Structures are given as structure tokens and as C-alpha cells.
Amino acid sequence: MKNSGEIFESKIKNQVVVIGTSAGGLSALKILVSHLNDFPIPMLVVRHISPDATGDVVLKELNKLNTLKCEFAKTGASLKSGHLYLAPADHHLLIGDDRKLLLTKGAHENRFRPAIDPLFRSAAVAFGSGVIGIVLTGYLDDGTSGMKAIKSCGGVCIVQDPKEAEYPAMPKNAANNVDVDYCLPLKEIGELLQSLSSRKLPKQKAIPKDVLIEAKIAERVLSDLSSVNKIGEQAPFNCPGCGGVLWKVEKDKDLRFRCHTGHAYTAASLLTEQTEKMEETMWTALRMFEEHKNLLTEMSSQGNGGSKSAKERAESTQVHIDRIRTILQTTNYGDEDELPAGSSI
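Residues numbered from 1 in each chain as written. Predicted model: local features only at pLDDT ≥ 70, side-chain atom pairs only at ≥ 80, totals over all residues. Heavy atoms only, no water.

### Here's the deal with the sheet that holds strand E3 (residues 69–72)
- Taken together, the seven strands give an open sheet; going across it, the order is E3-E4-E2-E1-E7-E8-E9, and neighbouring strands pair in parallel fashion. For this open sheet the edge positions go to E3 and strand E9 (182–184), each flanked by a neighbour on one side alone. Averaged over neighbouring strand pairs, the angle between their axes works out to 20° when direction is ignored.
- Both strand E1 (residues 16–21) and strand E7 (residues 131–135) contribute to a ladder of five bridges, which runs parallel. Looking at the pairing, Val16 lines up with Val131 of E7.
- Contacts between helix H5 (residues 144–152) and the sheet are confined to E1, E7 and strand E8 (156–160), with E8 contributing the most and set at about 145° to the helix. (Pairing = 2+ DSSP bridges. Helix = DSSP H or I, 4+ residues; strand = E, 2+ residues; numbered from the N terminus. Axes fitted to C-alpha atoms, helices over the stretch in contact; angles between N-to-C directions. Contact = heavy atoms within 4.5 Å.)

### Observations regarding the environment of Asn177
- Relative to the helices and strands, Asn177 resides in helix H6 (residues 169–177).
- Of the residues examined, Asn177 reaches a relative accessible area of 11% and is grouped as buried.
- With 36 residues separating them in the primary sequence, Asn177 and Asp141 have C-alpha atoms 9.9 Å apart. (Buried < 20%, exposed > 50% of the residue type's maximum accessible area, 1.4 Å probe, protein only.)

### Thoughts on the packing of helix H4 (residues 116–127) against H5
- The interhelical angle for the contact between H4 and H5, taken along N-to-C directions, is 5°, at an axis separation of 7 Å. As summarised for this structure, H4 and H5 are arranged roughly parallel, according to the angle between their axes. Where H4 approaches H5, its residues Asp117, Phe120, Arg121 and Ala124 are matched on the opposing element by Thr144, Ser145, Gly146, Met147, Ala149 and Ile150.
- Looking at the contact of H4 with H5, its residues break down into five nonpolar, three polar and two charged. (Parallel < 35°, antiparallel > 145°, perpendicular 65-115°, else oblique. Nonpolar A, V, L, I, M, F, W, Y, C, P; charged D, E, K, R; others polar.)

### So, the confidence of the model for the protein chain
- Mean pLDDT for the protein chain: 89, with 91% of residues reaching 70 or above.
- For residues 333–345, every residue scores under 50 in pLDDT, and the model assigns this stretch 38 contacts once sequence neighbours within four places are set aside. (pLDDT = per-residue confidence, 0-100.)

Below is the structure:
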């Protein structure tokens, strides 16, 4: 018969905490980690950062708290009690089938690498009901789909109280679209985690097929046409990341899309990406029209037989220039962060 220490150790080995955050994440993580002295369950963190960022500041600030051993995740590393593993820039952080860390250069999801959803899905597959997923402050809705995966596998879902979050959209969208177990301020999340570390784990559930497929797509880092065909149907949209066809993920009641190379988008992140592409295209068109008009104006000043025609064409081109400028000045590129329950745009 196992003694109490062996039972506790077994519980720890079968649990993991995964955290996703974006804008305002450093401050939120500092508060949360400060309440986790001697916390036994390994923690994995994805914080949205640019590809050229180092993330050293985050580790330095978290290690100052002297509560957890905070370090960058490395492929093949085993999960250790009392450690926090941070996703490095430009890499997805996943948990492999052997429950060891895995870094990949797979396609961006929700416009980011590292992204939150791939980590959450991989944790749900590897640990099932032993996963505790947490979404903190940030823009848009990365983490919501991953939270659904955790919930479907029997894990615990926690969001930071949006009223407290510096950027409330990310926890708010998760709370609106997932039956989360707890919505709490950071201090109370820390206290809750301490109590959950000794909980009796519920019986493991069967991993849904669609969660398994999407988790494998993130691991493979290759074109996988057969997999996306299994989880959805082609949609009349192109992937902003590679220009390929997008598939609508049928298993999700909310709008989500994937391409066969691995890019993935919620409707909100796809809309944001399309909007940025549209604006970029409009600025390019404006430059080309202005160059065209300038050349026609130069030609009209030469005083030859074609000068009148060139002048008229320059005046016509100016009409197009004015229209494009009006669109750029008046289009509301909007804040699509906050989405109503059951909606993605």
C-alpha cells in the first residue's frame, strides 16, 4: 500500500499547469507566481512575443520572486516539480506523447508563434484530467480553443477576472465561450492552485478525435491535407499566412479555420489579419496611383501632342487617389478583441 507521500508524488506526476497570456502578461505573471511558493506542479507558460525578442526580462523578473525555478523550455526536457518553463520566441511550446517538452517551428496559430492553443491542446492530450489551464490578460482570443480542448478532456479551466485584467479581451472571450471552472483575480488563482495540487484527480476521459488531430498537426510541422479534411470542409477564404485554401473546423461551434500547412485562425484573428493585409494593399495602391499621376503630370508638361491627354489622365487618376485616401482615413479598423458569447467576430 502506498503511503501519503507516494500518493502525493503520484498526483504531482500526473498534473501540469499551462498558462497563456499576451499584452500585460509580465505584470500578471509576476503577481501570480509571487503566490506560488513551493508550488509542486510543473508550469508551462506561453506569452505572445515578437520573433526577435529574447524573453530574458521575463525570466529575470520571475526568478527575483524566489518562488519557482523559471527557465526557457528546451526540447526533450522532463517536467520537474517547482519549475516554470517559458516558451522561447518564435517557437511553439508543446508537450510530447512522452510528457517531455517539445519546441517546434510550426505554422503560426492565431497570428502568433508561440501560440497558446497548441500548448493547451498538447497538454490536454498528454495529461487529460490532470491539466489545469489558465488564460490571463491579452488581446483577442488565443487560448479559447485550447481551453475547450482541456475542458473536453476533463481538465480544470481558469481565467483571470476580466475586471482585473489589464487587457480583458482574452480571458473574457475564454469565459464567454467555455464553461470555465473558475474566474478569479490573480491572487486568488494562486491560492486555488495550491489547493488543487493535492486534489483527487477525476477519471480520465477519452481524448476527442479532433483534439488529437489538431495536436498532431502542431507536432508534425509539415503539410497534412488528410488531417484537415478529417476535421472540416474547405471555406471560400485564402490563408493569409501562405495563400492556400482554408478549412472551416466543423467540430467547433465557433468559427475557426485551418490550412493544410498548419496555420490556424479564430474568426477574430483571421479578420484582423485580413484587415491588415487590406490596409497594406491600399497603401501600395495609393503609392502606385500617385507615381502614375506624377508621370502623367510630367508628360503633360512637355507641351507635345499628347500633353492634353496626359493631363486628363492625370486628373482622372487623382480621383482614384482621393478615393483611396478617403477609405484609409475613414475606415474603422476596429477593436475586435471582445467577442460575445458563442461568437467569434
